[in-house]
Amino acid sequence: MEIIIAKNKEDFDRIAADIVSQQIKDKPDSVLGLATGSTPLGLYAQLVERNKKGEIDFSKVKTFNLDEYKGLAKTHPQSYYYFMFKNLFGKVNIQPENINIPNGEVEDAEKECEEYEKKIKEAGGIDLQVLGIGHNGHIGFNEPGTPFDSITSLIDLDKRTIEANSRFFDSIDQVPRQALSMGIKTIMQARKIILMISGKDKAEIAQKAINGPITTDVPASVLQLHPFVTVVLDEEAASLL
Ligand code: PGA
């Protein structure tokens, strides 16, 4: 694992944006795996700015998002579909047909997951996967206990995840209980991975994921087995390393 500790927030976003931009420059038809959450917001803002300036071109880029809540409409402000269009896709020159996000509105979520996994394979696999991490060590919505060989599937959200994400909803009862998520095996098949960790509240889990035992209790610890992972942390998140 390559560990990079950013000096400040701006540096944190810039380092991540440099890695993604370089990927797009090296391979204009890159397949990117993308994450939602507060952590990559600054990265997406940087990518939008660089696209506006003509420094990076999304016209041939394909994307696959990690996950989506089950049961939220695309128009729901807390759906990941909505998040991605608001923060990235609606502001760069990506072709709509190149955007992939699991559809949380389908009746048959298992079938949707199977097809999603197939679509990633047909696209040639993910070149660069962007990841955040949950306080419980989840990557995507792969909660503690998820087997390392899991593929895209319908999962039950952990109590801690429901609580953490309730900050975006009017009440905790409105947080969906299930989500469609790429599996750990799906994530590990990406050629390169960038794991972004920020904030003091993530310091403990960062330490466990990076230096702790490789265990399904801490899903992100599996990344220690991947040959090309860059972990970008801010000083607070890196404080216990
Ligand atoms: P956050 O979420 O970036 O909003 O902290 C990360 C995650 O749960 O994976």
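It should be noted that the structure appears before, not after, this text.
First, a word on what this report is: a plain description of the structure on this page. (Residues numbered from 1 in each chain as written. Predicted model: local features only at pLDDT ≥ 70, side-chain atom pairs only at ≥ 80, totals over all residues. Heavy atoms only, no water.)

Remarks on helix α4 (residues 109-122)
To keep it simple, the criterion reads: Strands here mean DSSP runs of E at least two residues long; helices mean DSSP runs of H or I at least four residues long; both are numbered from the N terminus. The span you would expect from a helix comes to 1.5 Å times its residue count less one. Accessible area is worked out with a 1.4 Å probe on protein chains only. A residue is then buried under 20% of its type maximum, exposed over 50%, and partly exposed in between. By definition, the arc is the one covered by directions from the helix axis to the C-beta atoms.
Taking 1.5 Å of rise per residue, 14 residues should cover 20 Å, and α4 covers 20 Å from first to last C-alpha, within 8% of that figure. Among all positions in α4, only Ala109, Glu112, Cys113, Tyr116, Glu117 and Ile120 are buried. Buried residues of α4, seen end-on, are gathered within an arc of 135 degrees and therefore sit on one face of the element. Residues of α4 that are exposed and point over 90 degrees away from its buried face: Glu114, Lys118, Lys121 and Glu122.

Things to note about the packing of helix α1 (residues 9-26) against helix α2 (residues 41-52)
Formally: An axis is simply a line fitted to the C-alpha atoms; with a helix, the fit covers only the stretch in contact. Between two such axes, the angle follows the N-to-C directions and lies from 0 to 180 degrees. Oblique is the label for every angle not falling under 35 degrees (roughly parallel), over 145 degrees (roughly antiparallel), or within 65 to 115 degrees (roughly perpendicular). Left-handed describes a crossing in which the near helix is turned anticlockwise from the far one by less than a right angle; the clockwise case is right-handed. Contacts between residues were defined by any pair of non-hydrogen atoms, one from each residue, lying within 4.5 Å. Only Asp, Glu, Lys and Arg are considered charged in this grouping, and only Ala, Val, Leu, Ile, Met, Phe, Trp, Tyr, Cys and Pro are considered nonpolar; every other residue, Gly among them, is considered polar.
Two elements in contact, α1 and α2, have axes whose closest approach is 8 Å; the angle formed by their N-to-C orientations is 60 degrees. On the basis of the axis angle, α1 is oblique to α2. The two elements α1 and α2 meet at a crossing, and its hand is right-handed. Residue-level inspection shows Lys9, Asp13, Arg14, Ala16, Ala17, Asp18, Val20 and Ser21 of α1 in contact with α2, the latter providing Gly42, Leu43, Gln46, Leu47 and Arg50. In the contact of α1 with α2, the residues fall into 5 nonpolar, 3 polar and 5 charged.

With respect to the pattern of salt bridges
Where charged atoms of side chains with opposite charge meet at close range, the side chains can pair. Just so we agree on the cut-off: A carboxyl oxygen of Asp or Glu within 4 Å of a side-chain nitrogen of Lys or Arg is what we treat as a salt bridge.
Applying the stated criterion across every chain yields a total of 12 salt bridges. The partner of aspartate 13 in a salt bridge is lysine 9, with the nearest N and O atoms 2.8 Å apart. Residue aspartate 13 and its partner lysine 9 are located together in helix α1, separated by 4 residues, close to a single helical turn. The shortest N-O distance in the salt bridge between arginine 14 and aspartate 11 comes to 2.6 Å. Taken together, the positions of arginine 14 and aspartate 11, both in helix α1 and 3 residues apart, correspond to about one turn of that helix. For aspartate 11, a relative accessible area of 9% translates into the label buried. Among the ionic contacts, a cluster of salt bridges with common partners joins Asp11, Arg14, Asp18 and Arg50.

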